[in-house]
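Coordinates in review
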Amino acid sequence: MSDMSPIIVALDFPDSAQALSLAEQLDPKLCRVKVGKELFTREGPVLVKALVNSGFEVFLDLKFHDIPNTVAAAVAAAAELGVWMVNVHASGGPRMMDAARKALDPMGSAAPLLTAVTVLTSMEQSELDQIGVNRALDEQVCELALLAERSGMDGVVCSARETSMLRERVAKDFWLVTPGIRPANSEQGDQRRVATPAEAVSKGSDYLVIGRPITRADSPLEALKQIAAELQQS
């Protein structure tokens, strides 16, 4: 576990004004923040740099999946923004992940964490079947995680429901990042494989991506503090 909070707040907003307004209500000592595809596509590197300059460690969640050279260049460009974590799709294969790893190696300890997405938390078994994946969902997650570990990734993005299984098969210092985190009694939204913060940590999650339960709260900071306090007690 990190020496600071495992909470990553998902800034899933359509523009920088709303994202930065929310970030101003948070404490970078209590959380990191995530910038995803919609926000980055609209606002770009300027927003990421603004968050970094405000003291936040930023998870740039763009899930790169392309030919090896393209992904390597994209990962290197992300690192130049000063982000804390960047990710790719494990299904891009070992050559792609290896290229991404080598693109960051010259940065040494200053390189961002490089993680790989296994199976999106919105997906169910029937959807894997429809795209021609013949493995069971859990087996597909495990195989992609092991492939990512062999390819030099620092960790994977997976459902909290799969962390117990993965913890038995990957190294202790292989980070497990779990979206789909919902405090008890909160709405599930479009996620399918979800867990509460305490459940996720107890099963082996290192970092918890939490969006609406914090960003749509009447007081985002109080919601953040409450989740952090519950994690300390668990």
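Parameters at a glance
- Residues numbered from 1 in each chain as written.
- Predicted model: local features only at pLDDT ≥ 70, side-chain atom pairs only at ≥ 80, totals over all residues.
- Heavy atoms only, no water.
- Helix = DSSP H or I, 4+ residues; strand = E, 2+ residues; numbered from the N terminus.
- Rg over C-alpha atoms; globule rule 2.2 N^0.38 Å.
- Buried < 20%, exposed > 50% of the residue type's maximum accessible area, 1.4 Å probe, protein only.
- Contact = heavy atoms within 4.5 Å.
- Areas by Shrake-Rupley, 256 points an atom, 1.4 Å probe, with all protein chains shown as cover.
- Lys, Arg positive; Asp, Glu negative; His and termini not counted.
- Charge placed at Lys NZ, Arg CZ, Asp CG, Glu CD.
- UniProt positions renumbered as here; feature names shortened; annotations may be inferred.
- Polar contact = N/O pair within 3.5 Å; in protein donor to acceptor, adjacent residues only side chain to side chain.

Section: the overall build of the protein chain
- Helix and strand counts for the protein chain come out as ten helices and eight strands.
- Relative to its length of 234 residues, the protein chain is compact, with a C-alpha radius of gyration of 17 Å against a globular reference of 17 Å.
- Its C-alpha atoms put the protein chain at 45 × 35 × 35 Å along the principal axes.
- Counting across all 234 residues of the protein chain, residues that qualify as buried make up 53%.
- For the protein chain, restricting intrachain contacts to residue pairs at least 6 apart in sequence, the fraction spanning at least 24 positions comes to 68%.
- Accessible surface, the protein chain as shown: approximately 11000 Å² in total, 47% of it carbon and sulfur.
- Between the centroid of the 23 positive side chains of the protein chain and the centroid of its 31 negative side chains there is a distance of 2 Å.

Let's talk about the environment of isoleucine 214
- Along the chain, isoleucine 214 turns up in helix 9 (residues 212-215).
- Overall, the relative accessible area of 0% leaves isoleucine 214 in the buried class.
- Sequence spacing of isoleucine 214 and alanine 171 is 43 residues, and the spatial spacing of their C-alpha atoms is 31 Å.
- Those residues in contact with isoleucine 214 that sit more than four places away from it in its chain are Ile7, Val9, Leu26, Pro220, Ala223, Leu224 and Ile227.

A word on unusual backbone geometry
- In this structure, lysine 63 is a non-glycine residue whose phi angle is positive, near 50°.
- Following the sequence through the fold, lysine 63 ends up in strand 3 (residues 58-64).
- Given a relative accessible area of 22%, lysine 63 falls into the partly exposed group.

What to know about the UniProt feature "active site" (unreviewed entry) in the protein chain
- Those residues carrying the UniProt feature "active site" (unreviewed entry) are Asp61, Lys63 and Asp66 in this numbering.
- Summarising the element assignment, aspartate 61 is placed in strand 3.
- Residue aspartate 61 is classed as buried on the basis of its relative accessible area, which comes to 8%.
- For aspartate 61, the residues in contact, after removing those within four places along its chain, are Lys34, Val35, Gly36, Lys37 and Asn87.
- Not counting chain neighbours up to four residues away, the residues in contact with lysine 63 comprise Lys37, Asn87, Val88, His89, Val117 and Leu120.
- Side chain to side chain, lysine 63 and aspartate 61 meet in a polar contact 3.0 Å long.

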